[in-house]
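Remarks on the overall topology
Read off the chains here:
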Amino acid sequence: MANTAELTVDGKSYSFPTLEGTEHEKAFDISNLRDQTGYVTLDRGYKNTGATKSAITFLDGEQGILQYRGYAIEDLAAKASFLEVAYLLIYGELPTKDQYSQFETSIRRHTLVNEDMRKIFDGFPVKAHPMGVLASLVSAMSAFYSDLEGAEGDKTDLHIIRLLAKLPTIATWSYKRSQGHPINYPKNSLDYIPNFLNMMFSLPVEDYKIDPVVVEALNVLLILHADHEQNCSTSTVRLVGSSQANIYSSISAGISALWGPLHGGANQEVIEMLEDIKADGGDVAKYVDMAKNAKTTGFRLFGFGHRVYKNFDPRAKIIKKAADDVLSKLGINDPVLEIAKGLEEAALHDDYFVSRKLYPNVDFYSGIIYRALGIPTNMFTVMFAIGRLPGWIAQWKEMREQKEPIGRPRQIYTGPTLREFVSLENR
Ligand code: CMC
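In short, a report on the structure. Bear in mind that the values here come from a model prediction, so they are computed numbers and not experimental data. (Residues numbered from 1 in each chain as written. Predicted model: local features only at pLDDT ≥ 70, side-chain atom pairs only at ≥ 80, totals over all residues. Heavy atoms only, no water.)

1. Looking at the site of the ligand
- With respect to spatial proximity, 23 residues lie near the ligand, and among them His263, Lys295, Arg300, Leu301 and Arg307 are the closest.
- Between the ligand and arginine 300 there is a distance of 2.6 Å, counted from an oxygen atom to a side-chain nitrogen or oxygen.
- Between glycine 303 and the ligand, the recorded distance is 2.8 Å, taken from a backbone N or O atom to an oxygen atom.
- Protein coverage of the free-state accessible area of the ligand, which is 930 Å², stands at 79%.
- For the shell around the ligand, a count of residues per class yields eleven nonpolar, six polar and six charged. (Near = heavy atom within 4 Å. Polar contact = N/O pair within 3.5 Å; in protein donor to acceptor, adjacent residues only side chain to side chain. Areas by Shrake-Rupley, 256 points an atom, 1.4 Å probe, with all protein chains shown as cover. Nonpolar A, V, L, I, M, F, W, Y, C, P; charged D, E, K, R; others polar.)

Rendered as structure tokens:
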């Protein structure tokens, strides 16, 4: 049933259409608000603002539901491969066997990165954070694959394949450099995740033995990170892309947005926080108290809270179980896992966290798994970026196909009103 919303302002009434998505979330369509009323809306942090219509990911923060293209995250994490999920997000349907084989083979064939990119890479300081390196090199790809004009149709598909194929290669370079080790080239006989692991960990002097437990754990983690509708980095990708910037520049901007500690960078912060708590004697209650006084201490519990989830983050549930499984299968006893569980337990029974609906998010336990797999702390957010890439691509592609207008928010100006210019000698 078509509804309208009535707004009365300055003694005049206006009506605006409402709309409803397929999962029944409701919106006021205020596209003509300013034209009709002369007013704009103010919504700092976009807490109530739908920036687009999207058919990619659905999440219900009150009920803790996450679905990609209508498939439950729990099913995908248990039954699919990361590249199947990538195809689903980007093209809208699960691939048939033929489609999958074509997609996977194309990705295998494009893993090699132009040797000239290495010269750029060699210019980075050895201790550069891998996220900065990753964002820069993805941006640099636009110079190497410059057949970008009107990047639509078949050409877009090629850029998509290149991004999916080369991101793991570039990601492992930054790690190798920080270790002072030679980089590894991709081995196209290997599948996507084993190829990444081999580039990360094999050495000229010693082959890396690929452990299926590690491959499976990474497969689940990458799927859980693959998309999350209009989050900060995805909105960045769409906003940059809305100016018709090319896909590499748009995704590079998304990587930079992801790096922040309130977003993907939280996974590194969580492990560093857990290590600090351990070094400080493991007094979980002390840190819960510090977080409760965030306004004076400036300390937040990283890995807790979410803009949309006001119930358990369904990804955190899967990851918590996976952390237990992986550590026991690999025979690792990591004391920070116990600290994490203690922290969660304490927070979930504390009124500050309960009343604000702050639950563990995707980043709370993921670092513990990455660490068990041998991935160093400063690479955690890079792992998130590899996982999120299909989502960014899908959202960029949808934004282009929907021919969305350039993104350009309004503001409420609060600066000085018009004043007279006084020349320098008179100031
Ligand atoms: N520890 C302590 N207090 C918190 C936390 C936290 N982690 N998160 C929120 N709060 C408090 C906050 O101080 C505020 O309290 P009050 O109402 O008294 O002022 C209230 O809860 C609401 O917080 P908010 O900052 O207004 O909420 P938001 O929706 O703007 O922020 C968030 C969401 C994820 C940025 C925030 O919860 C946070 O900073 N969490 C820690 C960082 C983190 O784990 N980020 C990863 C998010 S999930 C993956 C991803 O997006 O990449």
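2. Here we look at the sheet that holds strand β4 (residues 57–60)
- One open sheet accounts for three strands, arranged β4-β5-β6; its pairing is antiparallel. Edge positions in the open sheet fall to β4 and β6 (71–72), since each of these has one partner strand only.
- Across two bridges, the pairing between strand β5 (residues 65–68) and β6 is antiparallel. By the bridge assignment, glutamine 67 is partnered in β6 with alanine 72. (Pairing = 2+ DSSP bridges. Helix = DSSP H or I, 4+ residues; strand = E, 2+ residues; numbered from the N terminus.)

3. Regarding the pattern of salt bridges
- Counted by the stated rule, this structure contains 18 salt bridges.
- Salt bridges sharing partners connect three or more residues here, namely Glu275, Lys278, Asp334 and Arg371. (Salt bridge = Lys/Arg side-chain N within 4 Å of Asp/Glu carboxyl O.)

4. Observations regarding the packing of aromatic side chains
- A full pass over the atoms with the stated rule returns 15 aromatic pairs.
- For the ring pair phenylalanine 82 and tyrosine 192, a centre distance of 5.9 Å and an interplane angle of 35 degrees mean the geometry is tilted. With phenylalanine 82 in helix α3 (residues 82–91) and tyrosine 192 in helix α8 (residues 192–201), this residue pair connects regions lying 110 residues apart in the sequence.
- Looking at phenylalanine 82, the relative accessible area reads 2%, which means it is buried.
- On the basis of relative accessible area, tyrosine 192 is assigned to the buried category, the value being 14%.
- With a centroid separation of 4.9 Å and 80 degrees between ring planes, the pair formed by phenylalanine 364 and tyrosine 365 is classed as edge-to-face.
- Members of the aromatic cluster, joined through ring pairs, are Phe304, Tyr352, Phe353, Phe364 and Tyr365.
- The ring centre of phenylalanine 121 lies 5.6 Å from the NZ or CZ of arginine 177, which sits over that ring. (Phe/Tyr/Trp six-rings, centres within 6.5 Å; stacked < 30°, edge-to-face > 60°. Buried < 20%, exposed > 50% of the residue type's maximum accessible area, 1.4 Å probe, protein only. Lys NZ or Arg CZ within 6 Å of the ring centre and 35° of its normal.)

5. Things to note about the environment of alanine 257
- Mapped onto the elements, alanine 257 comes out in helix α11 (residues 247–259).
- Its relative accessible area of 17% is what places alanine 257 among the buried residues.
- For alanine 257 and threonine 234, which are 23 residues apart along the polypeptide, the C-alpha to C-alpha distance reads 8.6 Å.
- Excluding residues within four positions of it along the chain, alanine 257 makes contact with Cys232, Ser233, Thr236 and His263. (Contact = heavy atoms within 4.5 Å.)

6. Considering the sheet that holds strand β1 (residues 4–9)
- The strand order β1-β2-β3 describes an open sheet built from three strands, whose pairing is antiparallel. The sheet terminates laterally at β1 and β3 (26–28), the two strands that pair on one side only. The mean inter-strand angle of the sheet, taken between neighbouring strand axes irrespective of direction, is 30 degrees.
- Where strand β2 (residues 12–20) and β3 come together, three bridges link them in antiparallel fashion. Bridge assignment links threonine 18 to a residue of β3, and that residue is phenylalanine 28. (Axes fitted to C-alpha atoms, helices over the stretch in contact; angles between N-to-C directions.)

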